[in-house]
Amino acid sequence: MTTKTPLSDLPEPLLDWYRANARDLPWRRTRDPYRIWVSEIMLQQTRVAAVLGYYTRFLEAFPSVEALAAAPEQQLMKLWEGLGYYSRARNLQKAAGLVAERGSFPDTYAELLSLPGVGDYTASAIASAAFGRREAAVDGNVLRVVTRLTDCHDDIADPKTKKAIRAQVQAVMPEAAEDIRIFNQATMELGATVCVPNGPPKCEVCPAAGFCLGRLRGTAPVLPVKAAKKARRVEERTVLVLLRQGRTALRRRPGRGLLAGLWEFPNVDGALDEDAAAAAAAAWGLTVKAWRNKLTAKHIFTHVEWHMTGYTLEVEGDGPADFFWADAAALRERAVPSAFARYYAEAVTELEDVWNESN
Ligand code: SF4
């Protein structure tokens, strides 16, 4: 016999509420594991509204796991451009290769977990939504709902808390496949739209209002408890938008680490003044002919913050062997990560001006 708790009271009213109120999202209209998987990967660290357009374009380009496995890297990265966390796209393709090779989509939590880029949460989300398996998927939304519902003050940044909450949710998951398929989604939806993270929870429209301890005891607004994260490391960088006869220099980032393998504008450590930036260009074998612009920008990654000083320079010379001199069309074809958005826009404007003048 299960002990009655606010959590064990949740499934029935939650599922009724979800069936009446859920947002209509394309990945909720399908049971195709490929489509559900793509949505789950895109939704990692990214808001629903930002994902919608990308999701449609991605599936138009790669309608099957085989099409994704065979996709040219440049096309894949271009379709991901702006979504960030590019390793997600690389892992998707790696995993697509494995799935295509085995001939069917893995349908258990353990097999899904073995795919690159699929963690505990994603494996559970796919196993439940696509295959009706009883696996609790616990993300930030679910942690918030459960800690408020049960008035739990444990630190949710501690993996032990997350593990304990997963076990509690798992214990109350419904039994019928039709309910299992939507239960995880429903708990997340409640967290995303009612038991919201910023601002007070909307308890007046919540199906759990009658038995939620956080609401009854008035503690919901201070939950969940989360220990402060370590401050991000700040890195100063100097980015050079190098212009030469209607082209700009790009190079590939190293194959490992931040933004691995993506195209970037040449850049160096530190916030350089003009003299030091000219010396950096000279060290690449380039002669500065004119200074065009100075642009600063900031980009925030999960653990690092880039503070960038940028210079637009007209130069002569070829630069190192790994420089690729892109004209406007070649620049547009390449996925340059959004960390360089300000410099990308600057280069596009400069190159298109040259193109317009010469046509
Ligand atoms: Fe969250 Fe309020 Fe619902 Fe409790 S009653 S789960 S605090 S929205």
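Residues numbered from 1 in each chain as written. Predicted model: local features only at pLDDT ≥ 70, side-chain atom pairs only at ≥ 80, totals over all residues. Heavy atoms only, no water.

Describing the overall build of the protein
When you go through the protein residue by residue, the secondary structure sums to 15 helices and seven strands. Overall, the protein is about 80 × 45 × 35 Å in size when its C-alpha atoms are taken along their principal axes. Expressed as a percentage of its 359 residues, the buried residues of the protein come to 48%. In the protein, 69% of the contacts between residues at least 6 apart in sequence involve partners at least 24 apart. Looking at the protein as shown, the accessible area adds up to about 17,300 Å², and 52% of this sits on carbon and sulfur atoms. (Helix = DSSP H or I, 4+ residues; strand = E, 2+ residues; numbered from the N terminus. Buried < 20%, exposed > 50% of the residue type's maximum accessible area, 1.4 Å probe, protein only. Contact = heavy atoms within 4.5 Å. Areas by Shrake-Rupley, 256 points an atom, 1.4 Å probe, with all protein chains shown as cover.)

A short note on the pairing of strand S5 (residues 287–300)
Pairing geometry for S5 and strand S6 (residues 304–316), over twelve bridges, is antiparallel. In the sheet register, lysine 298 faces S6, and the bridge partner there is histidine 307. Hairpin connection from S5 to S6: three residues lie between these consecutive antiparallel strands. (Pairing = 2+ DSSP bridges.)

Considering the site of the ligand
In the neighbourhood of the ligand, the contacting residues comprise Arg148, Val194, Cys195, Pro201, Cys203, Cys206, Ala209, Cys212, Arg215 and Ala220. Residues that form the shell around the ligand fall into these classes: eight nonpolar, no polar and two charged. (Near = heavy atom within 4 Å. Nonpolar A, V, L, I, M, F, W, Y, C, P; charged D, E, K, R; others polar.)

Considering the domain arrangement of the protein
The assigned domain composition of the protein is domain 1 (6–222) and domain 2 (233–358). When each unit is reduced to the centre of its C-alpha atoms, the spacing between domain 1 and domain 2 is 37 Å. The interface of domain 1 with domain 2 comprises eight residues on the first partner and 15 residues on the second. Roughly 880 Å² of surface becomes buried between domain 1 and domain 2 when both sides are summed, with 44% attributable to carbon and sulfur atoms. When the buried surface of domain 1 facing domain 2 is broken down by residue, Gln74, Lys78 and Tyr86 rank first, second and third, together holding 51% of it. Between the two partners, domain 1 and domain 2, sit zero salt bridges. Taken together, domain 1 and domain 2 are joined by four residue pairs in polar contact (both at pLDDT 80 or more). Of the residues forming the side of domain 1 that touches domain 2, the biggest block, four residues, is contributed by helix H5 (residues 73–80). For the side of domain 1 that touches domain 2, the per-class residue count stands at three nonpolar, one polar and four charged. (Domains from an automatic or database assignment. Buried area = accessible area lost by both parts, 1.4 Å probe. Salt bridge = Lys/Arg side-chain N within 4 Å of Asp/Glu carboxyl O. Polar contact = N/O pair within 3.5 Å; in protein donor to acceptor, adjacent residues only side chain to side chain.)

Some points on the environment of glutamine 245
For glutamine 245, the position within the fold is in the loop between strand S1 (233–244) and strand S2 (247–252). Residues glutamine 245 and leucine 113, 132 residues apart in the sequence, show an inter-C-alpha distance of 50 Å.

Notes on unusual backbone geometry
Note the cis peptide between leucine 223 and proline 224, where omega equals 0°. Take proline 224: it is sitting in the loop between helix H12 (213–217) and S1. A positive phi angle, close to 55°, is found at aspartate 151, a residue other than glycine. Counting through the fold element by element, aspartate 151 comes out in the loop between helix H9 (140–150) and helix H10 (159–172). When its relative accessible area of 14% is taken as the criterion, aspartate 151 is described as buried.

Considering the confidence of the model for the protein
Low-pLDDT portions of the prediction should not be read for the details of their coordinates. A residue-level look at the protein finds 97% of positions with pLDDT of 70 or above and a mean pLDDT of 93. Ranking the elements of the protein by mean pLDDT puts helix H15 (residues 341–357) last, at 82, and helix H4 (residues 65–69) first, at 97. (pLDDT = per-residue confidence, 0-100.)

Let's talk about the packing of helix H2 (residues 33–43) against helix H3 (residues 48–61)
Between H2 and H3, the least distance of the axes is 10 Å, while the angle of their chain directions is 140°. In terms of orientation, H2 and H3 fall into the oblique class. Remark: the crossing between H2 and H3 carries right-handed chirality. Every residue of H3 that contacts H2 at Tyr34, Arg35, Val38, Ser39, Met42 and Leu43 is listed here: Val48, Val51, Tyr54, Tyr55, Phe58 and Leu59. Per-class residue counts for the contact of H2 with H3 are ten nonpolar, one polar and one charged. (Axes fitted to C-alpha atoms, helices over the stretch in contact; angles between N-to-C directions. Parallel < 35°, antiparallel > 145°, perpendicular 65-115°, else oblique. Left-handed = near helix turned anticlockwise from the far one by under 90°.)

Things to note about the side chain of threonine 46
Mapped onto the elements, threonine 46 comes out in the loop between H2 and H3. There is a polar contact of 3.4 Å between the side chain of threonine 46 and the backbone oxygen of methionine 42. A polar contact is formed between the side chain of threonine 46 and the side chain of arginine 88, at a distance of 3.3 Å. Ignoring sequence-local partners within four residues, the contact set of threonine 46 consists of Val51, Leu83 and Arg88.

Focus: the nonpolar core
Proteins that are soluble and globular tend to have nonpolar side chains buried together. Tyr34, Trp37, Phe58, Phe265 and Leu331 are the most contacted members of the largest nonpolar core, which totals 64 residues. No other element matches H2, which puts six residues into this core. Domain assignment of the residues forming this core places at least three in each of domain 1 (6–222) and domain 2 (233–358). Those residues in contact with tyrosine 34, other than ones at most four positions away along the chain, are Phe58, Leu59, Phe62, Pro63, Ser64, Val65, Leu68 and Phe105. Core analysis: the next-biggest nonpolar cluster, separate from the first, contains 33 residues, Tyr121, Val138, Val142 and Cys206 among them. (Core = buried A, V, L, I, M, F, W, Y, C linked by side-chain atoms within 4.5 Å.)

Here we look at the environment of threonine 30
Note on placement: threonine 30 falls in the loop between helix H1 (11–21) and H2. Those residues in contact with threonine 30 that lie beyond four places of it in its chain are Arg35 and Ile36. A polar contact is formed between the side chain of threonine 30 and the backbone nitrogen of aspartate 32, at a distance of 2.9 Å.

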